[in-house]
Amino acid sequence: MAVHSINASKVSVNSSLMQDILLRVKETAKEIFNGACGSHDWDHTLRVYHLCDRIGKAEKADLDVVRIAALLHDIGRSQQDKTNGDVCHARQGARLAREIIRPLPLSEAQRENIVHCIRTHRFRGCRRPETIEAKVLFDADRLDAIGAVGVARAFLFAGEIGARLHNPDIKIEDTQPYSENDTGYREYKLKLSKIKNRMLTDEGKKLADKRHLFMADFFKRFINEYKGKG
Ligand SMILES: [Fe+2]
Ligand SMILES: [Fe+2]
């Protein structure tokens, strides 16, 4: 079944049952994040969940699918970090999520859509989001990587892997991820600065424009201060 036919196959679940389902998924997902690194912890998932809610409503997405996908989207992250990036957390997370949602009273199309959302949410991933729900999750996750929170997370991640703030003596193109040169500034130049042009929903684009402006100003000032100017 094509994943973009999801709305035609939505199972009618009353709202109190859906609240119970969300609570169960939340408890299961939260446990997986015990001991997670601060840059990709349970708080990140909750921020993405709230952004998904906001964007999902504006885009008239299936909120049941979007909310469950948001709660589970990074459950494969610890595997990626343990293997220094060899395991793709989107692929791993989709595999784990399929098992978690199997007993839930959702339609087969909704289940496939949730798995598709998680499988395609990664910025560097090779699969692109096709459904509106997957586009909502993609944009929500991107938004948490830019703006004030994005700057904070970029440096937090650099600290977690023992990287420097910035290394002006090496070309960014010659640096490697998960090395001491995987700095907060590298993350901005290679990834964060490009995010606003990769947004997939109208609501996501609006929010990204504002966050991008703040972040671009921050890094301009950062480089000036680094050189003793500013
Ligand atoms: Fe992720
Ligand atoms: Fe995420």
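Residues numbered from 1 in each chain as written. Chains lettered and ligands numbered in written order. Predicted model: local features only at pLDDT ≥ 70, side-chain atom pairs only at ≥ 80, totals over all residues. Heavy atoms only, no water.

**Student:** How do you make sense of the coordination of the iron ion (ligand 1) when you look at a structure like this?
**Tutor:** Reference values for coordination geometry: four tetrahedral donors around a metal ideally subtend 109.5 degrees, six octahedral donors ideally subtend 90 or 180 degrees. Looking at the iron ion (ligand 1), one finds its protein donor set to be D74 (OD), H89 (NE2) and H121 (NE2), positioned 2.1 Å from the metal centre. In the primary sequence, the donor residues of the iron ion (ligand 1) line up as D-x14-H-x31-H. Separation of the iron ion (ligand 1) from the iron ion (ligand 2) amounts to 3.4 Å, with D74 serving as a shared donor to the pair. With H89 in helix α5 (residues 89-101) and H121 in the loop between α6 (108-119) and α7 (132-143), this residue pair connects regions lying 32 residues apart in the sequence. You can call H89 buried: its relative accessible area is 4%. (Donors = N, O, S within 2.8 Å, 3.2 Å for Na, K, Ca; no water. Helix = DSSP H or I, 4+ residues; strand = E, 2+ residues; numbered from the N terminus. Buried < 20%, exposed > 50% of the residue type's maximum accessible area, 1.4 Å probe, protein only.)

**Student:** What is the right way to read the coordination of the iron ion (ligand 2) from this model?
**Tutor:** Of the protein atoms, only H44 (NE2), H73 (NE2), D74 (OD) and D141 (OD) coordinate the iron ion (ligand 2), at distances of 2.1 to 2.2 Å. Bound by 4 donor atoms, the iron ion (ligand 2) shows angles of 87 to 176° at the metal and therefore irregular coordination geometry. On the primary sequence, the residues serving as donors to the iron ion (ligand 2) are separated as H-x28-H-D-x66-D. (Tetrahedral: all angles 85-135°; square planar, octahedral: opposite > 155°, others 65-115°.)

**Student:** Help me understand the pattern of salt bridges in this model?
**Tutor:** Opposite charge on two side chains makes pairing possible when the charged atoms of those side chains draw close. Per the stated rule, a full pass over the model turns up 12 salt bridges. Close ionic contact of E187 with K191 constitutes a salt bridge, the shortest N to O distance being 3.7 Å. Put simply, E203 and K206 hold a salt bridge, and the shortest N to O gap is 3.4 Å. Linking E203 with K206, this pair stays in helix α10 (residues 202-226), spanning 3 residues, or about one helical turn. One connected set of salt bridges, linked through shared partners, spans R47, D144 and R153. (Salt bridge = Lys/Arg side-chain N within 4 Å of Asp/Glu carboxyl O.)

**Student:** What am I meant to see in the packing of aromatic side chains here?
**Tutor:** Pairs of aromatic rings are described using the distance from one ring centre to the other and the angle between the two planes. Tallied over the entire structure, the rule returns 13 aromatic pairs. Between Y185 and F222, the aromatic rings sit 6.2 Å apart at their centres with planes inclined by 25°, giving stacked as the arrangement. Of this pair, Y185 sits in helix α9 (residues 184-190) while F222 sits in helix α10, and the two are 37 residues apart along the sequence. Judged on exposure class, the residue Y185 and its partner F222 are both buried. Centre to centre, the rings of F219 and F222 are 6.1 Å apart; their planes meet at 75°, and the pair counts as edge-to-face. Placement of both F219 and F222 in helix α10 is noted, with a separation of 3 residues, approximately one turn of the helix. With a relative accessible area of 13%, F222 lands in the buried category. Taken together, the ring pairs in this structure connect F155, Y185, Y188, F218, F219, F222 and Y226 into an aromatic cluster. The residue whose ring lies beneath K26 is Y49, and the NZ or CZ to ring-centre distance is 5.2 Å. Positioned above the aromatic ring of F138 is the side chain of R142, whose terminal nitrogen or guanidinium carbon lies 4.8 Å from the ring centre. (Phe/Tyr/Trp six-rings, centres within 6.5 Å; stacked < 30°, edge-to-face > 60°. Lys NZ or Arg CZ within 6 Å of the ring centre and 35° of its normal.)

**Student:** Honestly, the side chain of D41 in this entry has me stumped. Any pointers?
**Tutor:** Relative to the elements of secondary structure, D41 occurs in the loop between α1 (15-32) and α2 (42-58). Of the side chains with opposite charge, R47 comes closest to the buried, unpaired D41, at an N-O distance of 5.0 Å. A polar atom in the side chain of D41 sits 3.2 Å from the backbone nitrogen of D43. For D41, the residues in contact, after removing those within four places along its chain, are F33 and A36. (Lys, Arg positive; Asp, Glu negative; His and termini not counted. Polar contact = N/O pair within 3.5 Å; in protein donor to acceptor, adjacent residues only side chain to side chain. Contact = heavy atoms within 4.5 Å.)

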